[in-house]
Every structure is written in C-alpha cells, then in structure tokens.
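Residue-level structural notes
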Amino acid sequence: MGIRNSTCIRRQHTRRHLIRQNTWLCSILHSISDAVLVTNPDQLIMISNPAASQLLGWPPEDIRQKKLTDVVNIICPHTLQPLWHLLKSEQLPVENSELLLIHSSGRQIPVEISLSCISGKGRSRGYVLVIRDISGRLQAAARLQESESRFKAVFYNAPIGMAILNTSGKIIETNYALRSMLGYNYDEIILQSPIQFIHPDDRSELNDLFQRALTGEQTSFQIEKRYLNKMGQPRWGRFSLARHCSPGNQARFIIAMLENIHEARLAREALQQSKEYFEKVVNNARALIVGLSQNGKIVLFNKYCEQITGWSSPEVLGRDWFTLFVPPAYQPAAGNIFNKLLEQADNSEFENPIITRSGEERIISWKNTIIRDQHTAQPVIIAIGNDITERQKTEMLLKTLSNLDGLTGLANRRYFDSRLAGEWEKNARLAVPVSLIMCDIDHFKAYNDTYGHLQGDDCLKKVAGILSQLLYRPGEMAARYGGEEFVVLLPGCDLDTARQIAENIRQAVMSLAIPHAASPVGPCVTVSLGAATLMPRETSPPTELIAAADSALYRAKHNGRNRVEI
C-alpha cells in the first residue's frame, strides 16, 4: 500500500512538472518571432506557434496534424528544388540562409531555417523546424550596400578634394580631385597628416582646429587657408572637416575636404581692392556723384554731395532723390529725363537746380549714364554733377551786361532785335498779336546844346527809368534803340492797350518836369511816341512791326510832337 502511494505521488509530481514545462514551452513559443514547427517521426505537425501561422499564411487549425511538406514549401533559389529530400537522407541538422519560403498566397519570402531531428533511444522521434524571415535584414543590407555605393560614387567623383582620416588624423583614403590639387600620387599621401600640406604660416591655426575636431571638442569647421602643392606653390583653399561617429558618439572616421578657391580668392581680393579704389576716387572727386535705383531711390552719395547739400550719406540712402533734392517746379522735367534714360539706356546731359539742406538752390550740370547691377540685373543711374551756380551767376551777369545799354541800363539794340525775333516766332505759332512803341525825346539835340552832354546823359537815364517803371507784365521789355530813341516791346498786347501804355509814358515824362528852355514844344522835356500792333506770321519778318511803329512815330513828330500816334 505504501509503495502504491509513493508511485502515485511521483506520478503527480511528474504530471505537474510536465504541465509546468508545457506551459513554459507554450509561453516561449508564443513569444518567439521565428516560426517553430515540431513534428512526429512521420512529419505530422504536432506543435506550431503563432509566428508560424503568420509566416506561412495558414490558420493554426490548418497546420496541426498535417504533414510538414504539405504546409511548408521551401526551395533553394539556385536550384528551385525543395529541401525535403534531406529528411529522407537524414542529413541533419540543416542550416541554410539562402532559401525561399513560398507563402500560401504564392509570395516568396527569403528565410533562414534550422532543421534538426529529435532523437531518443537510438531512433528518430520527430523533427524541429525553425524558420526566420530575413527579408528585413536583406533589405537593410541592400540599402546599406546602396548607401555605400552612393558614398563611393560621391567620394571618388567629387569635384573637390576629399580624404578619409582615421581617429589618429592620418589619411587612409583620398579621391582623385585631392591628388590632382596637391600634385601627389596615392602612395605619397596615404598615412600622412593633412597638416604637412598646409602653408607654414597657416599650419598653427589649422592644426589647432584639426586637433579639436579629432578630440570631439568641435564637430566640424570650415576655413579658408593656403596649402602647398608638390611644386611648393601656395594656393588658397577652403578646408572643412566633419566627424563620423558611431551610435555611442565614438569617432569612427573623419572626412576632410579641400576646395580650390585660389582664382576666386584672388578675384575677390582684386574686387575688394577695386571697390576700395572706387570708393576713394568717388569720395575724393570734386564732383557730385549720385547713384539712383530704377525707382529713384538713392544708392550712392559721395563726400562732395555731402559737402554741397549738407546731408550725410546715411541720412539720404534709400530715400527718393526727386522729393528730397529737386525743387517742385523742376520735378516733372527731371522725372521725364530720368524715365527716358531708363528706356533708351544712353547718356544724357542737362542742368537743373537742387535744394540743399539749408534751402539754398544750387545749379548742377549733370552727365548721366545707366549701368546694370551684376547681381540683380536691375538698372542703376549714375549721375555725375558739377556745381555751376557761381559760374552761371557770372555768365548771367556777363550776358546781362552784354545785353544792356551802358548808359541807361535798358536793353541794347542787339538784344532788342534778338528778343523781337523770338517773340515774333513764338506768337506766330500761338496766333497772338505783338505791339511795339517807338519813343523819341523831342528836340534832344537842342537840349544837349543848351545844357551839355552830361545833363543830356542824365536826361536819357531819367526817361529810361520811366520806361522801366511802367513795364510790369512778363515778356515786356524797354530798350535804347539809338541816341535819344527808345522802343518798348509788348508781346500779346492789343493796339488799344499799347496806345494807353504809350500815353502813360508820355505823361510820366512830362511829370518829371525836366527843364528844356530850347524846346519849341514846351518848357519841359517831352516825348513823341508811335505805337503799332501786328499779328505775326512765319512768312513775314518782324521788321514790318518796326516799320509800322516808326511810321506812327513820324506822324507824331509831324503833327506837333508830345503826342501818341498809332
């Protein structure tokens, strides 16, 4: 009885142990991502895990109690033959990663398998098949290979010099561009420090940057320094370096790059030198130099501009030139010239006043040209101006003096003829009449004989003053025509108005009460006047008007003097 109880207890322990092992096995099989299939000696599937159902494409109930060869179709991709003949030959265990699993849908999946035999008491008790899906690993390997291929293509064919350095800073690989720039062959560069190819004057700073990059203090840098080629020639290059690290931030290798910028650097230095020279020339020129954008904004304003206008360059840059400097009356004309210059893109010269900061007007003679900005291709107007204010004042004074009668201050005969011709032509286009008054001092020879030439000159000045005082409309002009004879030009004036002006002159001269004892007309100086009005025609000369006024003057003298005739 005791033996029987002891046997029962052992059986219960064994059963519990088997149940526990089975639970553990099921838990392990459910957690394994590889497909696991266990068969009996006849290849009937006794155990399968969820991963097997997912990988094979069969539901769990369709897998169990079926033969292994019915649900698992694995072929060798080279021979396209199934591997189950190995079960017959019992060449086990089997491990082969170059296999293809045919999914129930027909899709091929690259797998790696492990097939082993369960042995007991000298005979086979079944088989264990473990299948691992390696498609992800193969894809990752393919991507890695593709990435490496791209890297090699970029590295070896890059137009800039590239080298791979080990963590000690020695060159372990180079591309053709680097060897070509330095002039060394492959064996002369490999396992050398890149610092030895640097210009001696630049080695210290660049070596410090390399060391900081090698130790991880600086992950990358870019700097322009000189290097020496095999011929010992210094060349400018742009150096850059980047560390390639492992996931643990440990440096695996370093990529150093060298770009040949020698010609670009020299061109940049030449451009900078040219710019400095340009600025010196512009700012030391005794001329106003202004740059305007296509919308009239100031982009250049030299020192002489500051001196003349009283504005500093920072104050005016970006502001509108026309609003700030051009008087309102001249803005339409200046804007028109500016627009024509933009359209025609040729030089132009003109004069116009500008307003200084103090409100003074200065006359500037401009010479303009248009250029294109090399970066934006936008037009820029460069205007070079000379301040001709004083010169113009002098010229105006000389011109005025050359047009005036030296004694009376009225216009002289030459200037009168010029003005008459101009007014005649202008009013002919406008179809506007022109009037002329001719005035003669009565018996002036007798006045000179009686009072002398000095008194005669004083008499002429006083009569000239009356003529100047009575003329106030634009374009009207009095001139000394010769001796004691004067003319008054009245553009746009009709005959009645001209006669009234002549009468006003006559009375004003009498009101001067200049004694004239030798005059048979009266005790004071008097004048005789002839007025004429004509509608000018381009086909007729202005001398017709002079002749008409002279004829009227003759009638005034003939009819007793001190009168107006038309």
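Residues numbered from 1 in each chain as written. Predicted model: local features only at pLDDT ≥ 70, side-chain atom pairs only at ≥ 80, totals over all residues. Heavy atoms only, no water.

Along the protein chain, the regular secondary structure elements total 20 helices and 21 strands. Counting only residues that meet the buried cut, the protein chain has 39% of its 566 residues in that class. Long-range contacts, defined as pairs at least 24 residues apart, comprise 49% of the intrachain contacts of the protein chain with a sequence gap of at least 6. Entry remark: accessible area of the protein chain is about 32200 Å², with carbon and sulfur atoms responsible for 52%. (Helix = DSSP H or I, 4+ residues; strand = E, 2+ residues; numbered from the N terminus. Buried < 20%, exposed > 50% of the residue type's maximum accessible area, 1.4 Å probe, protein only. Contact = heavy atoms within 4.5 Å. Areas by Shrake-Rupley, 256 points an atom, 1.4 Å probe, with all protein chains shown as cover.)

Another point: the side chain of S519. Along the chain, S519 turns up in the loop between α19 (495-512) and β20 (527-534). At 3.1 Å, the side chain of S519 forms a polar contact with the backbone nitrogen of V521. (Polar contact = N/O pair within 3.5 Å; in protein donor to acceptor, adjacent residues only side chain to side chain.)

Strand order in the open sheet formed by five strands is β13-β12-β16-β15-β14, with antiparallel pairing between adjacent strands. One side of each edge strand has no neighbouring strand; the edge strands of this open sheet are β13 (298-301) and β14 (348-355). In this sheet, adjacent strand axes meet at a mean angle of 30° when their direction is disregarded. Sheet topology note: the β14/strand β15 (residues 361-372) ladder contains eight bridges and is antiparallel. Residue pairing in the sheet places E349 in a bridge with K367 of β15. Running over the sheet, helix α14 (residues 331-344) touches β12 (288-293), β14, β15 and β16 (379-387) and is turned about 130° from β16. (Pairing = 2+ DSSP bridges. Axes fitted to C-alpha atoms, helices over the stretch in contact; angles between N-to-C directions.)

Moving on to the pattern of salt bridges. Evaluation of the coordinates by the stated rule reveals 31 salt bridges. R226 is the partner of D202 in a salt bridge, and the nearest nitrogen-oxygen pair spans 3.1 Å. With D202 in the loop between α8 (186-189) and α9 (203-215) and R226 in strand β9 (residues 220-228), the pair connects residues that are 24 residues apart, well separated along the chain. Judged by relative accessible area, which is 7%, D202 ranks as buried. Salt-bridge contacts for D496 lead to R499; the nearest nitrogen and oxygen are separated by 3.1 Å. (Salt bridge = Lys/Arg side-chain N within 4 Å of Asp/Glu carboxyl O.)

This part is about the sheet that holds strand β17 (residues 434-441). Pairing within the open sheet is mixed, and its five strands lie in the order β18-β19-β17-β20-β21. Unpaired on one side and paired on the other, β18 (477-482) and β21 (564-565) mark the two borders of the sheet. Two elements, β17 and strand β19 (residues 485-491), share seven bridges in a ladder whose sense is antiparallel. Residue M438 lies in a different strand from β19, and its bridge partner there is V487.

With 87% of its residues at a pLDDT of 70 or more, the protein chain has an overall mean of 84. Per-element mean pLDDT across the protein chain ranges from 57 in helix α5 (residues 85-89) up to 96 in β20. (pLDDT = per-residue confidence, 0-100.)

Ranked by internal contacts, the top residues of the largest apolar core, which has 30 residues, are I437, I441, F486, V488, L490 and L529. Secondary-structure elements contributing two or more residues to this core are β17, α17 (444-451), α18 (453-469), β19, α19 and β20. Discounting chain neighbours no more than four positions away, the residues touching I437 are F486, V487, V488, L490, A498, I501, A502, L529, G530 and A531. (Core = buried A, V, L, I, M, F, W, Y, C linked by side-chain atoms within 4.5 Å.)

Our next topic: helix α16 (residues 413-430). Helix length check: α16, at 18 residues, gives a terminal C-alpha distance of 25 Å against a target of 26 Å (1.5 Å per residue), a fit within 8%. Residues F416, L420, E423, W424, N427 and A428 constitute the buried set of α16. Projection of α16 onto a plane perpendicular to its axis shows the buried side chains occupying an angular sector of 130°, all on one side. Those residues of α16 that are buried lie in contact with β17, β18, β19, β20 and α20 (543-558). (Expected span 1.5 Å × (residues − 1). Arc of directions from axis to C-beta.)

Walk down a regular strand and you will see the side chains alternate between the two sheet faces. Among the eight residues of β20, six are classified as buried, and the element is accordingly described as predominantly covered. Bridge analysis of β20 against β21 gives two bridges, and the strand direction is parallel. Considered in β21, the bridge of L529 is made with V564.

One way to put it is that α18 packs onto α19 with a least axis distance of 10 Å and a crossing angle of 140°. Taken as axis vectors, α18 and α19 run oblique relative to one another. The chirality of how α18 crosses α19 is right-handed. Listed contacts from α19 to K462, V463, I466 and L467 of α18 are I505, A508, V509 and L512. Looking at the contact of α18 with α19 residue by residue, the class counts come to seven nonpolar, no polar and one charged. (Parallel < 35°, antiparallel > 145°, perpendicular 65-115°, else oblique. Left-handed = near helix turned anticlockwise from the far one by under 90°. Nonpolar A, V, L, I, M, F, W, Y, C, P; charged D, E, K, R; others polar.)

Bringing the pairing of strand β1 (residues 35-39) into the picture now. The buried fraction of β1 is high, at five of five residues. Where burial is concerned, the two faces of β1 agree: the one with A35, L37 and T39 and the one with V36 and V38 are both buried. Between β1 and the antiparallel strand that follows it, strand β2 (residues 45-48), lie five residues; Q43 among them carries a positive phi value of about 70°.

Moving on: the environment of F239. Within the secondary structure, F239 is located in strand β10 (residues 234-245). The exposure class assigned to F239 is buried, which follows from its relative accessible area of 8%. Through-space distance from the C-alpha of F239 to that of A256 is 7.4 Å; in sequence the pair is 17 residues apart. Not counting chain neighbours up to four residues away, the residues in contact with F239 comprise I198, L206, F221, Q222, I223, K225, R226, Y227, M257 and L258.

Looking now at the packing of aromatic side chains. For the coordinates displayed, the defined rule picks out eleven aromatic pairs. Ring geometry for Y227 versus F239: centroids 6.5 Å apart, planes at 85°, classification edge-to-face. On the criterion of sequence distance, the pair formed by Y227 in strand β9 and F239 in strand β10 is long-range, its members being twelve residues apart. Here Y227 matches F239 in class, with each residue buried. Ring geometry for W321 versus F325: centroids 4.6 Å apart, planes at 35°, classification tilted. (Phe/Tyr/Trp six-rings, centres within 6.5 Å; stacked < 30°, edge-to-face > 60°.)

Right, let's get into the side chain of N49. Note that N49 resides in the loop between β2 and α2 (50-56). Exposure remark for N49: the relative accessible area of 1% places this residue in the buried category. Once residues lying within four places of it in the same chain are set aside, the contact partners of N49 are L29, I32, D34, A35 and V36.

So, on to the environment of L317. The residue L317 is located in the loop between α12 (313-316) and α13 (321-325) in this model. Sequence-wise, L317 and I298 are 19 residues apart; in three dimensions their C-alpha atoms are separated by 5.1 Å.

Viewed as axis vectors pointing N to C, α17 and α18 meet at an angle of 135°, and their least axial separation amounts to 7 Å. As the angle between them shows, α17 and α18 are arranged oblique. Contacts between α17 and α18 involve F444, Y447, N448 and Y451 from the first element and H453, Q455, G456, C459 and L460 from the second. Residue composition of the contact of α17 with α18, grouped by class: five nonpolar, four polar and no charged.

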